Amino acid sequence: MSNYFKELKDYITNEEMRDKDHITAFDHVAGSGKSTNVHRILGEFTKTKQDKVLYVQPFVKDNQMDKTVATINAFAGKPVAISYTSKNKVPLKTAVEAQILCITTSRFRDICRQEHRDLLSNRDILIVDEYADLVERLSLSLEDISQLWGEYGYGFPDIEWLALTLREKWYHLRNSISYSSKTLKFVDFKTEQYNNALSSLKGLMQNATKKNRIFLNKFRQLLENGCFFYQNQFHTFDYEYQIENSLLKSNIILDANAGFDFRYQLSDKFIVKKQENIFNYSHSTLYHFDINTSKSGLKKHVGLNEAILEQIKMEEGKSVLFVTDKDNEKGLIESIEKHYSHWGNNMEEIAQRMKIQISVDHFGNLIGVNHYRDYEKVVLLKTPNFDYLSYALTYFYFQTMSHQPVSDIQLFNHPQVDLIHQTVVAGEMYQALKRINRDNSRNAEYYVFTDNQEVVDLIVEQLPSINVVKREFSVAKKRKESGEKKELLHDIRVRQMKELLLQCKKEGKKEIRKKEIRTIIGMEEQKTNFNKVLKGLLPFLQANHIEVGTRILIF
């Protein structure tokens, strides 16, 4: 294994290998012990070198940061590493002087935004464990534009002009592009008048409170970057977050997904050093069940969890990990308890009587988690998609950083954005699968429920020689309301909304929250259907001078 990490060790210890202009990513396979080996390399490194290291890892939960510091110090034979986190309140001077300083990804993001710059003082080597996502979405609604005009329109002619112009542009785009449009419309602001407004915004930000500075920064980023108009909002990103702001003499990322994650191909700042996949999975099996497990897909199925449990046959193993999303975690536990109620009253009792380990976890909570390492079965019940706008903004971010043009994007029909989508989802699922059987010493079973074949193909490439069994899988779908009943219900809700809004206007109200309307007309949990009803009311709203904001209606 020391040979497996030899190239990485050279990039850390050999000054001739250092590259201050690029970030070198190493894709050592998940479960190969890359973190532990890096801790060993760093600890031994301090015995002969004085170079200072900034080490970044995702979390502090489960004492992971404390373990990192302890491991490095154990290999060094002396206290060379300390952590600087919200939980470890060491003096700043102590943190700055430490030879190896360990921080979280969250604090590293602040450094990339030109904050906490003391932590970079006189440091030589940057090591980031896992990909650090620096794309922060900034969204501007009609309400934000109205707030800008209300708070800064008087006394600042350029700001008043900006607010009125953005409002006019918002209405033009809203009327020409439907809410359900499949197009992300790109908009830029490259005129002299916008430049004057930008200068005024920067001047206001200098003396603003933190809250107002954050608010004004959204407009600044909008003008500087351009944006996408989508679902009645302007969307851009915070250009302040740039990894170039933190580059040292040597810059390294440790990411098992780097070899296939398309984001690394979007900037010439990244260099990926592909490593051999040292594992052979011929003794294990991946079962692929072809079914839609996106967020919308899960809502359409009846009895999905129960049907899946029939396929897993937990009683034939010793341990199983179920992975879903956070919203469905509770429902999954209830399904397990119901399906195996003849074994016990709750999941703990069921596991005890069946003499197996049963765990349920969710995407977003698995990076760096090792307590499932000896499990032999893992079941992915969810395709961990983000909304398409997230992937489009990542593309937009890297295009802007590389000074490349951006244009309109069609949903699910853009080569680069689709590759970001596929590889990020594959990376999430691969990392979830690799929570079990970490050292590949067991005959493991990997169950994947998704209809995304491209993602499954990418995952299989990361598991050499694994046996793949694909199975068709279907469950009953929820019955839709009959057209006549649905139409009648729609008409009732339209009438209720009209009566409610006219009453609010008569009472002199300035606004009403959409959530309040949904509650009153019985659509509290039906945001999508509510938006359809609202869309049908546009002529009525315009005739009565009622504006539609993101969360409120304005009289």
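For the structure itself, look to the data block above.
Residues numbered from 1 in each chain as written. Predicted model: local features only at pLDDT ≥ 70, side-chain atom pairs only at ≥ 80, totals over all residues. Heavy atoms only, no water.

Some words on the overall build of the chain
Inference 1: A count of helices and strands for the chain gives 20 helices and 21 strands.
Inference 2: The globule rule puts the C-alpha radius of gyration for 555 residues at 24 Å, and the 27 Å found for the chain is close to it.
Inference 3: When burial is assessed residue by residue, the chain has 52% of its 555 residues classed as buried.
Inference 4: Look at the contacts in the chain between residues 6 or more apart in sequence, and 77% of them connect residues 24 or more apart.
Inference 5: Accessible area of the chain: about 27000 Å², with a carbon and sulfur share of 46%.
Inference 6: Charge separation in the chain, taken as the distance between the mean sites of 78 positive and 73 negative side-chain charges, equals 3 Å. (Helix = DSSP H or I, 4+ residues; strand = E, 2+ residues; numbered from the N terminus. Rg over C-alpha atoms; globule rule 2.2 N^0.38 Å. Buried < 20%, exposed > 50% of the residue type's maximum accessible area, 1.4 Å probe, protein only. Contact = heavy atoms within 4.5 Å. Areas by Shrake-Rupley, 256 points an atom, 1.4 Å probe, with all protein chains shown as cover. Lys, Arg positive; Asp, Glu negative; His and termini not counted. Charge placed at Lys NZ, Arg CZ, Asp CG, Glu CD.)

Some points on helix H12 (residues 326-339)
Inference 1: The first and last C-alpha atoms of H12 sit 21 Å apart over 14 residues, in line with the 20 Å expected at 1.5 Å per residue.
Inference 2: Taken together, the buried positions of H12 are occupied by Glu-329, Leu-332, Ser-335 and Ile-336. Each buried residue of H12 lies within a common arc of 130 degrees when the element is viewed along its axis, so the set occupies one face. Projecting away from the buried face of H12 at angles above 90 degrees are the exposed residues Asp-327, Lys-330 and Lys-338.
Inference 3: Close packing links the buried residues of H12 with helix H11 (304-312), strand E13 (319-324), helix H13 (347-354) and strand E14 (357-362). (Expected span 1.5 Å × (residues − 1). Arc of directions from axis to C-beta.)

Concerning the environment of Ala-258
Inference 1: Turning to its location among the elements, Ala-258 is positioned in the loop between strand E10 (250-254) and strand E11 (270-273).
Inference 2: A relative accessible area of 3% means that Ala-258 is categorised as buried.
Inference 3: For the pair formed by Ala-258 and Ala-25, sequence separation is 233 residues and the distance between their alpha carbons is 6.5 Å.
Inference 4: Residues contacting Ala-258, with those up to four places away along its chain left out, are Ala-25, Asp-27, Tyr-264 and Val-272.

Let's talk about the pattern of salt bridges
When charged atoms on two side chains of opposite charge get close, those side chains can pair.
Inference 1: This structure, assessed with the given rule, holds 25 salt bridges.
Inference 2: A salt bridge links Glu-136 to Arg-109; its shortest N-O distance comes to 3.2 Å. With a gap of 27 residues between them, Glu-136 in the loop between strand E5 (125-129) and strand E6 (137-140) and Arg-109 in helix H5 (residues 105-112) connect regions that are remote in the sequence.
Inference 3: The shortest N-O distance in the salt bridge between Asp-144 and Lys-218 comes to 3.5 Å. (Salt bridge = Lys/Arg side-chain N within 4 Å of Asp/Glu carboxyl O.)

A closer look at the sheet that holds strand E20 (residues 547-548)
Strands pair in a sheet through their backbones, by hydrogen bonds, and they do so in one of two ways: parallel or antiparallel.
Inference 1: One open sheet holds the 3 strands; their spatial order is E19-E21-E20, and the pairing between them is antiparallel. Strand pairing shows two members of the sheet lacking a second neighbour, strand E19 (511-513) and E20, which therefore form its edges.
Inference 2: Sheet topology places E19 next to strand E21 (residues 552-554); 3 bridges connect them, and they run antiparallel. The partner of Glu-511 across the bridge, within E21, is Ile-554. (Pairing = 2+ DSSP bridges.)

Some details on the side chain of Ser-250
Inference 1: With respect to the helices, strands and loops of the structure, Ser-250 is situated in strand E10.
Inference 2: Excluding its chain neighbours within four sequence positions, the residues that come into contact with Ser-250 are Tyr-11, Arg-18, Asp-19, Asp-124, Ile-125 and Leu-126.

Some details on the packing of helix H8 (residues 192-206) against helix H9 (residues 210-225)
Inference 1: Following both chains from N to C, one finds H8 and H9 inclined at 155 degrees, their axes separated by 10 Å at the closest point. Here H8 is positioned roughly antiparallel relative to H9, judged by the angle of their axes. Where H8 crosses over H9, the two elements pack in a sense that is left-handed. Contacts between H8 and H9 involve Tyr-194, Ala-197, Leu-198, Leu-201, Lys-202, Leu-204 and Met-205 from the first element and Arg-213, Leu-216, Asn-217, Phe-219, Arg-220, Leu-223 and Glu-224 from the second.
Inference 2: Across the contact of H8 with H9, the residue classes break down as 9 nonpolar, 1 polar and 4 charged. (Axes fitted to C-alpha atoms, helices over the stretch in contact; angles between N-to-C directions. Parallel < 35°, antiparallel > 145°, perpendicular 65-115°, else oblique. Left-handed = near helix turned anticlockwise from the far one by under 90°. Nonpolar A, V, L, I, M, F, W, Y, C, P; charged D, E, K, R; others polar.)

Some remarks on unusual backbone geometry
Inference 1: Not every positive phi belongs to a glycine, and Asn-440 is a case in point at roughly 60 degrees.
Inference 2: Structurally, Asn-440 is set in the loop between helix H15 (415-433) and strand E17 (445-449).

Some thoughts on H5
Inference 1: For H5, a buried count of 6 out of 8 residues is recorded, marking the element as mostly surrounded by other parts of the structure.
Inference 2: Thr-105, Arg-107, Phe-108, Arg-109, Ile-111 and Cys-112 are the residues of H5 that are buried.
Inference 3: Summarising the contacts, the buried residues of H5 are in contact with strand E2 (53-57), strand E4 (100-104) and E5.
Inference 4: Positive backbone phi, approximately 70 degrees, marks Gln-114, located one or two places after H5.

Regarding the environment of Asn-365
Inference 1: Tracing the chain through its elements places Asn-365 in the loop between E14 and strand E15 (377-380).
Inference 2: Taking the C-alpha atoms as reference points, Asn-365 and Asp-325, separated by 40 residues in sequence, lie 9.5 Å from one another.
Inference 3: For Asn-365, the side chain forms a polar contact with the side chain of Asp-361, separated by 2.9 Å. (Polar contact = N/O pair within 3.5 Å; in protein donor to acceptor, adjacent residues only side chain to side chain.)

Considering the side chain of Asn-225
Inference 1: Residue placement: Asn-225 occurs in helix H9.
Inference 2: At a separation of 2.8 Å, a polar atom in the side chain of Asn-225 contacts the main-chain carbonyl oxygen of Phe-237.
Inference 3: Among residues more than four places away in sequence, those in contact with Asn-225 are Phe-186, Thr-236, Phe-237, Tyr-239 and Phe-396.

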